[in-house]
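Report on the structure
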Amino acid sequence: MIKIAFAGKGGSGKSSISGTLARVLARRGKPILALDSDPVPGMPYSLGIPVDDSPTPDDVVVEGVEGEPRWVLRPGLDAESFISQYAAVGPDGVRYLQFGNTWGHVSTLQRAQFAWSQVVKEMDPTAWNVVGDLPGGTRQAMFGWAKYANLLAIVVEPTPKSIHVGRRLRNISKAAWGPDNVAVVANKVENPSDIEQIEERLELPVIAAVPADPAVTAADKLGCAPLDQPAGPFVDAIEALATRVVEQYDA
Ligand SMILES: Nc1ncnc2c1ncn2[C@@H]1O[C@H](COP(=O)(O)OP(=O)(O)OP(=O)(O)O)[C@@H](O)[C@H]1O
Ligand SMILES: [Mg+2]
């Protein structure tokens, strides 16, 4: 099963790439769970799932007893039933789970966070290929939000700032719980020297070179998924990424 999480600087292209990859893999017949831990929605747009602002209901959790986390899934609701009840079903059959919504009450968001961690920890690893989208920056990745992943894909644009964030994220492999594999997806690439620069500075394998594609900008303006627009080189690059991920990281 593929367990991949995307991290990187804000705006580097994590949601565009992860959402498109999730659908490309689903079209190849894989059961896909898209895990969006960014409370600000980006991934549903690239999946082509209507964005609704309803938070996960409060009553999915109850207070934990001594020795348990503060909030635990309510009796009778396990990780798999949570996924079947609360994950949205998107185009190509992708299941989509978002951890919470920003405008929920703070306590609600906290409960959603506990529910999220328990679901991610206890879900059946043989049931789902997972494609995760983290918020921009290093915080969530460093706090272990992507423990489900055996491949952390760092999305890097060919700019000094984006490469800098990529270098920070690279340190995650030093954590005891860190992913087995860390690799780079170079995005908005315009020429071969962009890749050389990224490879040289990050010293990690570059598993995809995704070109800057006006079709992605056009899809973004319409608020729709790149896969639901006429395909351009972006989609071709994600197809190639899917093949690479299946060949190399499908454990
Ligand atoms: N290969 C590409 N070609 C052209 N535009 C792109 C490409 N990849 C991403 N973009 C554009 O860059 C912007 C940021 O992309 P996206 O939202 O996927 O990034 P993100 O890393 O998820 O951002 P955030 O950190 O805010 O979650 C969007 O306007 C998107 O359309
Ligand atoms: Mg995003």
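Notes on the structure follow.

Thresholds applied
- Residues numbered from 1 in each chain as written.
- Chains lettered and ligands numbered in written order.
- Predicted model: local features only at pLDDT ≥ 70, side-chain atom pairs only at ≥ 80, totals over all residues.
- Core = buried A, V, L, I, M, F, W, Y, C linked by C-beta atoms within 7 Å.
- Buried ≥ 20, exposed ≤ 12 C-beta atoms within 10 Å, placed from the backbone.
- Helix = DSSP H or I, 4+ residues; strand = E, 2+ residues; numbered from the N terminus.
- Pairing = 2+ DSSP bridges.
- Contact = placed C-beta atoms within 7 Å.
- Axes fitted to C-alpha atoms, helices over the stretch in contact; angles between N-to-C directions.
- Near = placed C-beta within 6 Å.
- Nonpolar A, V, L, I, M, F, W, Y, C, P; charged D, E, K, R; others polar.
- Left-handed = near helix turned anticlockwise from the far one by under 90°.

1. Here we look at the nonpolar core
In this structure, Ala34 and Leu152 are the most contacted members of the largest nonpolar core, which totals 74 residues. Residue contributions to this core peak at seven residues, all from helix α9 (residues 233-249).

2. Quick notes on the sheet that holds strand β8 (residues 151-156)
Read from one edge to the other, the open sheet built from eight strands follows the order β5-β6-β2-β7-β1-β8-β9-β10, with strand pairing classed as mixed. Of all the strands in the sheet, the pair left with one neighbour each is β5 (88-89) and β10 (206-211). As defined by bridge partners, β5 adjoins strand β6 (residues 95-98) across two bridges and the pair is classed as antiparallel. In the strand pairing of β6, Ala88 is matched with Tyr96. Lying on the sheet, helix α7 (residues 192-202) is in contact with β8, β9 (181-189) and β10; it crosses β9 at an angle near 150 degrees. In the packing of α9 onto the sheet, the strands contacted are β1 (3-8), β8, β9 and β10, and the crossing angle to β10 comes to about 170 degrees.

3. Thoughts on the site of ligand 1
The environment of ligand 1 is made up of 20 residues, and the closest members are Gly13, Ser15, Ser16, Gly136 and Asp220. Those elements giving two or more residues to the shell around ligand 1 turn out to be α1 (14-27), β9 and α8 (214-222). Of the residues assigned to the shell around ligand 1, the class counts are four nonpolar, 11 polar and five charged.

4. Considering the packing of helix α6 (residues 160-170) against α7
In contact at an axis separation of 10 Å, α6 and α7 are set at 35 degrees when each is read in the N-to-C sense. α7 is crossed by α6, and the crossing has right-handed handedness. Residues Ile163, Gly166, Arg167 and Arg170 of α6 form the contact with α7, whose participating residues are Ile198, Arg201 and Leu202. Here the residues of the contact of α6 with α7 are counted per class, giving three nonpolar, one polar and three charged.

5. Details of unusual backbone geometry
As a rule of thumb, non-glycine residues mostly have phi less than zero, and peptide bonds are mostly trans rather than cis. Backbone geometry places Asp92, a non-glycine residue, at a positive phi of 65 degrees. With phi around 50 degrees, Glu203 is a residue other than glycine that occupies positive phi space. The residue Glu203 is located in the loop between α7 and β10 in this model.

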